[in-house]
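The residues making up each chain are set out below.
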Amino acid sequence: MSALKQIKAKSAPSLEFSPFARMRRLRKSDAMRDMLRETHLTVNDLVFPMFVEEELDERTPIGSLPGIYRETERTIGPAVKQAWNSGIKSIMLFGISHHKDGEGSDSWRKGGLLDRMVSRAREACPEIVIMADLCFCEYTDHGHCGPLNAHGDVDNDATLENLAMQAACAAAAGADIVAPSGMMDGMVGAIREGLDREGHTDTAILSYAAKFASSFYGPFRDAAGCSLGAYPHARKDRATYQMDPANAEEALREVAIDIEEGADMVMVKPGLPYLDILTRVKAEFQMPTFVYNVSGEYAMLKHAAAAGALDYDKAVMEMLLAFKRAGADGILTYAAPDAARLLENG
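Every value quoted in this text rests on a predicted model; they were computed, and no experiment measured them.

Calculation notes
Every residue gets a number counted from 1 within its own chain, in the order that chain's sequence is written. With pLDDT at 70 or above as the cut-off, local features in this predicted model cover only qualifying residues; side-chain atom pairs require 80 or more to be listed or tallied, and sums for whole chains, interfaces and linings still use all residues. Computation of side-chain values: all heavy atoms of the structure, hydrogens and water removed. Between the rings of Phe, Tyr and Trp (Trp by its six-membered ring), a pair exists once the centres lie within 6.5 Å; its type follows the angle of the planes, with under 30 degrees stacked, over 60 edge-to-face, and the other angles tilted. Strands are runs of DSSP state E lasting at least two residues, helices are runs of H or I lasting at least four, and both sets are numbered from the N terminus onward. Only protein chains enter the accessibility calculation, which uses a 1.4 Å probe; a residue is then buried when its area is under 20% of its type maximum, exposed when over 50%, and partly exposed in between. By definition, being over a ring means that NZ of Lys or CZ of Arg is both within 6 Å of the ring centre and within 35 degrees of the ring normal. Salt bridge, as applied in this entry: a Lys or Arg side-chain nitrogen positioned within 4 Å of an Asp or Glu carboxyl oxygen. Take the buried residues of types Ala, Val, Leu, Ile, Met, Phe, Trp, Tyr and Cys, join any two whose side-chain atoms come within 4.5 Å, and each joined set is a nonpolar core. Any pair of residues with heavy atoms lying within 4.5 Å of one another is described as a contacting pair. Whether two strands pair comes down to DSSP finding at least two bridges between them. Pairs of N or O atoms are called polar contacts if they sit within 3.5 Å, as long as, within protein, a hydrogen donor faces a hydrogen acceptor (for residues adjacent in sequence, only side-chain-to-side-chain pairs).

S.K.: Is there a simple way to think about the packing of aromatic side chains in this case?
M.R.: The relative placement of two aromatic rings is captured by the distance of their centres and the angle of their planes. Counted according to the given criterion, the structure contains nine aromatic pairs. Ring geometry for F51 against Y334: centres 6.1 Å apart, planes inclined by 0°, an arrangement best described as stacked. You can see F51 sitting in strand β1 (residues 46-53) and its partner Y334 sitting in the loop between β10 (330-333) and α12 (336-344), a full 283 residues away along the chain. For the pair F51 and Y334, a shared accessibility class is recorded, and that class is buried. Taken together, a centroid distance of 5.1 Å and an interplanar angle of 75° make the contact between F94 and F220 edge-to-face. Of this pair, F94 sits in strand β4 (residues 90-96) while F220 sits in helix α7 (residues 218-224); the two residues are 126 residues apart in sequence, bridging distant segments of the chain. Of the two residues examined, F94 and F220, each falls in the buried class. Connected via pairs of aromatic rings, a cluster forms that spans F51, F94, Y208, F220, Y292, Y298 and Y334. Its guanidinium or amino end placed over the ring of F220, K269 lies 5.4 Å from that ring's centre, counting from NZ or CZ.

Dropping the structure here:
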C-alpha cells in the first residue's frame, strides 16, 4: 500500500452516505431526456421578420444581420413561399421606403409600399399568417415613430390618427395581424376603432405592449433604414416613448392598458435581457404572449460563431428554448430559417 493510501485509510473513514434522490437517473439516455423534457420548441412557435425595400434591383444582404436580406418587391413573393415550404407559418413584414416625409404618409396610401408588399406576400402564399408592423420610423424622413411636435418629440395623438389609417391599409391588403410597435399611448384603442370602422373586424392586433428603449436594436435600424435623421430640432433618442429598461411594474401597466383597449396578443421586446418581464406578463395576464428576439441578440450569436467563440446551432436553439421556457407562445426571430432547419433535422 502506498504511503498516500495509508494516510487516507487512517484519517478518513469510508463514506457511508448514499444519495437517496439521484436526479441523474432521469438524464441517463437521450430517450429518457426526451421523454421528460418540460419545454418544447416547434416550428409553429416561429415568426420570421422580413424586410422589403422599394426601388431595389436585387435582394441585398444586410451586413450587420448575417443571413438576412433586404428583399425587392419582385423577390418577396418567392422568399415568403420559401419560408412557408421550410415550415414557417408566420412572417412579420417591414418596409424600407424611398418616399419618406414628416408623417410617413406613404404607409397608409393605397398603392404605397405597405399596401404593395403585403399584397405581394399574400398573393405568393395565401396560407401563411402575415403580420404587418405598424410604425412610421421606416417611412419618416426624421426616423421617429410619428410626426413631430414643436419640441421635436413625437406628437402622440396625431400619430394615433395615422396609425388607424395605416392599420386599415395593411388589413385591406391582406394582413391577418397588425402589430403596432411605436409605444404610443392609446395606440391599440385607436387601431381597433379604425379597423372596425373600415369593416376589418377579423384583423387581430398584436401589440408591442412592453417595448424597451434598448441598445440591441442597432442592426435592425441599419436594415430598415430608420436611424434618427438630421432634423436639427428633433430628439436624438426614443426614450420619451419606449420604456426605461429599469422598469418592470410599468411594463405590466403598459400591457394591462393595451389589453383593456382590445389587444388580442401582446409582445415583450427585446427578448434576452427581459426574460423576467416575459415571465411576469404571461403569468399575470394569461394572454397569447410573444417575444421579439431582436437583431442585436441574433447578430451577437452570428458574429460570435464566426469568431469561433461558440457553436451557433446549439446556442441559437438554447436561446429560443429559453424564450419558450420563460412563457412565450410565439417568437419573432431572424433565426427562424435556421431553427426550422435544425428542428426538421432533429
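S.K.: Would you take a moment to explain the pattern of salt bridges for this structure?
M.R.: Side-chain pairs of opposite charge can arise whenever the charged atoms involved come near each other. A complete count under the given rule lists 19 salt bridges for this structure. Taking the shortest distance from any N to any O, the salt bridge between D329 and K282 comes out at 2.8 Å. Of this pair, D329 sits in the loop between α11 (312-326) and β10 while K282 sits in helix α9 (residues 275-285), and the two are 47 residues apart along the sequence. Residue classification places D329 among the partly exposed residues on the basis of a relative accessible area of 33%. Among the ionic contacts, a cluster of salt bridges with common partners joins E54, E73, R116 and R120.

S.K.: Looking at this structure, how should I read the nonpolar core?
M.R.: Soluble globular proteins: nonpolar side chains tend toward being buried together. Counting residues in hydrophobic clusters, the biggest one holds 104 residues, and the most contacted among them are F51, I91, M92, L93, V118, L206 and V316. If one sorts the elements of this core by residue count, α11 sits on top with eight residues.

S.K.: When you look at the environment of G182 in this model, what are you seeing that I'm missing?
M.R.: Position of G182 relative to the elements: it lies in the loop between β6 (177-180) and α6 (187-197). Spatially, the C-alpha atom of G182 lies 9.5 Å from that of R238, the residues being 56 residues apart in sequence. Apart from the residues lying within four places of it in its own chain, the contact partners of G182 are L134, C135, C145, M187 and Y241.

S.K.: Please clarify how the pairing of β4 should be interpreted in this entry.
M.R.: In summary, the side chains of a regular strand alternate between the two faces of the sheet. Among the seven residues of β4, seven are classified as buried, and the element is accordingly described as predominantly covered. Covered by surrounding structure in β4 are S90, M92, F94 and I96 together with I91, L93 and G95, the residues of both alternating faces. Pairing of β1 with β4, which is carried by six bridges, proceeds in the parallel orientation. Residue pairing in the sheet places F48 in a bridge with I91 of β4. As defined by bridge partners, β4 adjoins strand β5 (residues 129-134) across four bridges and the pair is classed as parallel. The partner of S90 across the bridge, within β5, is V129.

S.K.: Just to check I follow, could you spell out the side chain of T333 for this structure?
M.R.: By the secondary structure assignment, T333 is in strand β10. Within polar-contact distance, the side chain of T333 engages the side chain of N293 at 2.8 Å. Among residues more than four places away in sequence, those in contact with T333 are L46, V47, F48, P49, N293 and L320.

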